[in-house]
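Now for the letters of each chain:
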Amino acid sequence: MALITKAIKGTQDVLPALSHENQYVEETMLRVASRYGFHEIRTPVFEHTELFQRGVGDTTDVVQKEMYTFEDKGGRSITLRPEGTAGAVRAFLEHGLFNEALPQKVSYLTSCYRYEKPQAGRLREFHQFGVECLGAPAPSADAELIGLAHTIFETLGVGDLALEINSIGCPECRKQYHAALKAYFAAHETELCETCRERLQKNPMRILDCKSPVCSAVAADAPVVLDYLCEDCKTHFDAVQAHLDAMMIPYVVNPRIVRGLDYYTRTVFEFVSSGIGAQGTVCGGGRYDGLVEELGGPHVPSLGFALGIERLLLVMHSQGIEFPQPDPCMLYIATMGERAALAAASVAQDLRASDFPVEVDVCGRSLKAQMKYAGKIGAQYTLVLGDDEIDRGVYALKDMTSGEVTQIAADEFLETFIEKAILAMESDLKEMFGLEEK
Ligand code: HAM
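Residues numbered from 1 in each chain as written. Predicted model: local features only at pLDDT ≥ 70, side-chain atom pairs only at ≥ 80, totals over all residues. Heavy atoms only, no water.

A. The arrangement of the overall build of the protein in detail. Secondary structure summary: the protein contains 15 helices and 16 strands in total. The C-alpha atoms of the protein give 28 Å as radius of gyration, which overshoots the globular expectation for 438 residues (22 Å, by more than 25%). Dimensions of the protein, computed from C-alpha atoms along their principal axes, come out at roughly 95 × 55 × 45 Å. A burial count over the protein gives 46% of its 438 residues as buried. Of the contacts formed within the protein by residues at least 6 apart in sequence, a portion of 70% connects residues at least 24 apart. (Helix = DSSP H or I, 4+ residues; strand = E, 2+ residues; numbered from the N terminus. Rg over C-alpha atoms; globule rule 2.2 N^0.38 Å. Buried < 20%, exposed > 50% of the residue type's maximum accessible area, 1.4 Å probe, protein only. Contact = heavy atoms within 4.5 Å.)

Below you can see the structure in the form of structure tokens.
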């Protein structure tokens, strides 16, 4: 086969055999988030480039090196979203949601695009589940948000994730910290990469998350921001920890977490796995008290996090977590001849409309090939229809597990099948909840 092209490097197809895993984690996350009052927002996949330049920050790796930016036919600079926060905040402002009752709590499932070097857990198109809580200044909001991420992992059965938290202070305490960083990095200026030499003047904190190994080595001994927090930021961070303790959520304070995006203030956090290689940060987030103003709105202290779906699935696979299987085919109708095909189409249509998964032959295959296919898709019941069954008006329904065959009058088939199927489902449910032995 000579394919004319393949999928773009750093992108992934999710095939039907595995898409139920994505659906399961995505549905679970939206459902758990709704228990905390978060409801879904959907924003466009592309935005004006300046949204990310201003929002994410023009000295970040994301903006400087990784954005998919292009000019559209109208000459505007457009960027595929590298993350979900900036778009959510733009929508919050554009639709005047800051005039509604605060906090506004939104959740989202989005594809994101970053031109990074692909490796395990690092893609150029990846997917995030995220939440943003807009208009919540109290430290209890930080802990509630971390609690939400914790509950999502717990609900999905994901263990062994380390929660690391830090405070990176407010613009006030950061002035002194920036001065200390500048002094430290200035002494190592010749060792830094070109981008970081520029960052030294504009935003020395960004040197701390440069991906170059040389810059990372220099950054390892740099001053830490926790030593420079003002009284208010210290009190806030202490209160966040008190709430986490009250909620019995284990964490460690890691003074080296600074996150790679410019909008963060005060609390930042990450959930990190040690089981999936170098790209172990499954979830990251924090407070961004200045972002709404930065994008032209009022002062609305806010916070959020995003969780990488692909990394989460890597962790779940590495931990052997089982996923609920999609509903199998309940009935396969094999047919011989035109009259049988018409009868099968009618039965299948009615049962599917009543929510039963049913399949019929759509390939014109031999009976033997049809039954082989029914076995492959794991059909629970089969029905073989030919001229004889149509003439006699009696259908033979076969239970593929027990081998039992039931003769059913054609005009009672729908009702009888539905009754049988419901009884089987009830028995499965009872078994699942340990109410009755099968
Ligand atoms: P982030 O740390 O850049 O934060 O990304 C969040 C998560 O997205 C990461 O922890 C990781 O699981 C996943 N991720 C990031 N880059 C990639 C990649 N190249 N391939 C695969 N997965 C990736 C943000 O995006 C912030 N917007 C989070 C946030 C929301 N902060 C406040 N609100």
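B. Representation of the pattern of salt bridges within the structure. Enumeration over the complete set of coordinates arrives at 22 salt bridges. The shortest N-O distance in the salt bridge between Glu40 and Arg42 comes to 3.1 Å. Exposure remark for Arg42: the relative accessible area of 70% places this residue in the exposed category. Ionic pairing is found between Lys234 and Glu231, a salt bridge with its closest N-O pair at 3.6 Å. Taken together, the positions of Lys234 and Glu231, both in helix 9 (residues 231-246) and three residues apart, correspond to about one turn of that helix. (Salt bridge = Lys/Arg side-chain N within 4 Å of Asp/Glu carboxyl O.)

C. The sheet that holds strand 2 (residues 46-48), seen in detail. Taken together, three strands build an open sheet; the order of strands is 2-4-3 and the sheet is antiparallel. The strands lining the two open edges of the sheet, one partner per strand, are strand 2 and strand 3 (69-71). Averaged over all adjacent pairs, the angle separating strand axes in this sheet is 35°, with direction ignored. As defined by bridge partners, strand 2 adjoins strand 4 (residues 77-80) across three bridges and the pair is classed as antiparallel. Bridging from a neighbouring strand, Glu47 pairs with Thr79 of strand 4. (Pairing = 2+ DSSP bridges. Axes fitted to C-alpha atoms, helices over the stretch in contact; angles between N-to-C directions.)

D. Broad picture of the side chain of Arg114. Structurally, Arg114 can be placed in the loop between strand 5 (104-113) and strand 6 (125-134). Within the buried core, Arg114 has no salt-bridge partner, and the shortest N-O distance to an opposite charge, that of Glu116, equals 4.6 Å. Aside from chain neighbours lying at most four places away, what touches Arg114 is Val62, Glu66, Tyr68, Pro82, Glu83, Leu123, Arg124, Phe126 and Gln128. (Lys, Arg positive; Asp, Glu negative; His and termini not counted.)

E. Fine view of the sheet that holds strand 14 (residues 381-385). With respect to topology, five strands assemble into an open sheet ordered 13-12-14-15-16, the strand pairing being mixed. Two strands lie at the open edges of the sheet, namely strand 13 (358-360) and strand 16 (405-409), each paired on one side alone. Averaged over neighbouring strand pairs, the angle between their axes works out to 25° when direction is ignored. As judged from the five bridges shared by strand 12 (residues 331-335) and strand 14, these two strands associate in the parallel manner. In the sheet register, Ile333 faces strand 14, and the bridge partner there is Leu383. Against the sheet, helix 13 (residues 367-376) engages strand 12, strand 13 and strand 14, with an angle of about 170° to strand 12.

F. Broad picture of the site of the ligand. Near the ligand lie 26 residues; those nearest to it are Glu83, Glu116, Glu132, Arg259 and Tyr264. Interatomic distance of 2.9 Å between a side-chain N/O atom of Arg114 and an oxygen atom of the ligand. Calculation on the ligand without its partners gives an accessible area of 650 Å², and the protein chains cover 96% of this total. Contributing elements (two or more residues each) for the shell around the ligand: strand 6, strand 10 (281-287) and strand 11 (302-308). (Near = heavy atom within 4 Å. Polar contact = N/O pair within 3.5 Å; in protein donor to acceptor, adjacent residues only side chain to side chain. Areas by Shrake-Rupley, 256 points an atom, 1.4 Å probe, with all protein chains shown as cover.)

G. Structural context of empty space enclosed by the protein. This structure, assessed with the given rule, holds one cavity of 30 Å³ or more. Of the voids in this model, the largest cavity is the one considered here, and its volume is about 30 Å³. Considering the residues around the largest cavity, the lining is formed by Ile41, Arg42, Thr43, Gly84, Ala88, Tyr108 and Thr110. When the residues that make up the lining of the largest cavity are grouped by side-chain class, the tally is three nonpolar, three polar and one charged. (1 Å grid on protein atoms, 1.4 Å probe; cavity = no way out; pocket = protein on both sides within 12 Å on 5 of 7 lines; lining within 4 Å. Points joined across faces, edges and corners; volume = space filled by probe spheres on them. Nonpolar A, V, L, I, M, F, W, Y, C, P; charged D, E, K, R; others polar.)

H. Structural detail: the domain arrangement of the protein. Taken domain by domain, the protein consists of domain 1 (16-170 + 230-318) and domain 2 (331-425). Relative to domain 2, the C-alpha centre of domain 1 lies at a distance of 49 Å. (Domains from an automatic or database assignment.)

I. Geometry of the packing of helix 12 (residues 338-353) against helix 15 (residues 413-432). Interaxial distance between helix 12 and helix 15 falls to 11 Å at its minimum, and their mutual angle equals 45°. It follows that helix 12 is oblique to helix 15 by the angle criterion. With respect to the hand of their crossing, helix 12 and helix 15 are arranged in right-handed fashion. Counted together, Val347, Asp350 and Leu351 of helix 12 and Phe413, Leu414, Phe417 and Ile418 of helix 15 form the full contact between these two elements. For the contact of helix 12 with helix 15, a count of residues per class yields six nonpolar, no polar and one charged. (Parallel < 35°, antiparallel > 145°, perpendicular 65-115°, else oblique. Left-handed = near helix turned anticlockwise from the far one by under 90°.)

J. Inspection of unusual backbone geometry at higher detail. Cis geometry marks the peptide bond from Leu102 to Pro103, where omega comes out at 0°. Among the secondary structure elements, Pro103 is positioned in the loop between helix 4 (85-94) and strand 5. At Arg259, a residue that is not glycine, the phi angle is positive and equals roughly 70°. If you trace the backbone, Arg259 turns up in the loop between strand 8 (252-253) and strand 9 (265-273). Look at Asp355: it is not a glycine, yet its phi comes out positive at around 80°.

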